[in-house]
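Chain by chain, the residues:
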Amino acid sequence: TDNTDNDVVNMQAIGSGFKLANSKKLWFETRIALADVDKSGFFIGLASASGAADQDIIAEYDDCLGFGMADATVTNAVNHVVAKGSTETNASLDTALTLEDGVYVTLSIYWDGSSLFFYKDGTLYSQPSAANIPDDVVIFPSIEFITRNGAIEYMHCDYIRVVQER
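Quick caveat: nothing in here was measured; it's all calculated off a predicted structure. (Residues numbered from 1 in each chain as written. Predicted model: local features only at pLDDT ≥ 70, side-chain atom pairs only at ≥ 80, totals over all residues. Heavy atoms only, no water.)

Student: Can you tell me about the overall build of the protein chain, naming the residues and giving the values?
Tutor: A count of helical and extended segments in the protein chain gives zero helices and 11 strands. Secondary structure elements in the protein chain, listed N-terminal to C-terminal, are β-β-β-β-β-β-β-β-β-β-β. The buried share of the protein chain, taken over its 166 residues, is 46%. Nonlocal contacts in the protein chain, meaning residues at least 24 apart in sequence, comprise 67% of its contacts between residues at least 6 apart. A total accessible area of about 7400 Å² is found for the protein chain, and carbon and sulfur atoms account for 46% of it. (Helix = DSSP H or I, 4+ residues; strand = E, 2+ residues; numbered from the N terminus. Buried < 20%, exposed > 50% of the residue type's maximum accessible area, 1.4 Å probe, protein only. Contact = heavy atoms within 4.5 Å. Areas by Shrake-Rupley, 256 points an atom, 1.4 Å probe, with all protein chains shown as cover.)

Here it is as structure tokens:
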């Protein structure tokens, strides 16, 4: 980002959509590091706005499945985000997950067709309800990063990997 408070970088792989279904398992994994955690906000996962590009994921989670931290100046706890339309489960993970400045973590999600599992570095952190799973629209690999101070901030993303059964 540049040196403006609330500057946002939003990236979505719009030609690489996934649609969740009860019969199709899905794995999502990414490896990230934030330069200055308490001055950042982010979402990383799968997201769309009713199947189209979502230009502002963090402002209102529309259709998404991923990890989010809206504003670390308030709290630097990472939430699991499960949203279908405007109905969302955006809550703290069952085990508190915080990030450290410049330290890489691997974040993973597994959908077995009926249940969700959220992991950090291979350790299960949360099993949220699948009631709000966005199963009626296509969702895309997505990254949104926002600076929460008047300085240049950044997030490194080594990779995003999404695998779904056919």
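Student: How would you summarise the sheet that holds strand β11 (residues 155–164) if you had to cite specific residues and measurements?
Tutor: The five strands are arranged β9-β8-β7-β2-β11 in an open sheet whose pairing can be described as antiparallel. Taken across any chain shown, the strands that pair with only one partner, and hence form the sheet edges, are β9 (123–126) and β11. Adjacent strand axes in the sheet meet at a mean angle of 25 degrees when their direction is disregarded. In terms of strand pairing, strand β2 (residues 26–34) meets β11 through nine bridges, oriented antiparallel. Bridging across to β11, W27 finds its partner in V163. (Pairing = 2+ DSSP bridges. Axes fitted to C-alpha atoms, helices over the stretch in contact; angles between N-to-C directions.)

Student: Mind laying out the nonpolar core, listing which residues take part and the relevant values?
Tutor: Membership of the largest hydrophobic core comes to 31 residues, with the highest contact counts inside it found for L34, F42 and I44. Going through the elements one at a time, β2, β3 (40–48), β4 (63–69), β7 (105–111), β8 (116–120), β10 (140–147) and β11 are the ones with two or more residues in this core. Every residue in contact with I44, bar those within four places of it in the chain, is listed here: F28, T30, I32, G66, F67, L107, S142, I143, M155, C157 and I160. Residues Y61, C64, V81 and I146 belong to the second largest nonpolar core, which totals nine residues. (Core = buried A, V, L, I, M, F, W, Y, C linked by side-chain atoms within 4.5 Å.)

Student: Tell me about unusual backbone geometry, and please be specific about residues and values.
Tutor: The phi dihedral of S50 is positive, around 55 degrees, even though this residue is not glycine. If you trace the backbone, S50 turns up in the loop between β3 and β4. At D121, a residue that is not glycine, the phi angle is positive and equals roughly 50 degrees. With respect to the helices and strands, D121 occurs in the loop between β8 and β9.

Student: Can you explain the pattern of salt bridges? Please cite residues and give values.
Tutor: Evaluation of the coordinates by the stated rule reveals five salt bridges. Note that D36 and K39 form a salt bridge whose closest N and O atoms lie 3.6 Å from each other. Taking relative accessible area as the criterion, K39 reaches 27% and is therefore assigned partly exposed. Across the pair D38 and K39 runs a salt bridge whose closest N-O atoms are separated by 3.6 Å. (Salt bridge = Lys/Arg side-chain N within 4 Å of Asp/Glu carboxyl O.)

Student: Got a sec to walk through the side chain of D36? Specific residues and values, please.
Tutor: Counting through the fold element by element, D36 comes out in the loop between β2 and β3. For D36, a relative accessible area of 17% puts it in the buried group. Discounting residues that sit within four places of it in the chain, D36 has contacts with D101 and E153.

Fair warning: the whole summary comes from geometry, so function is off the table for now.
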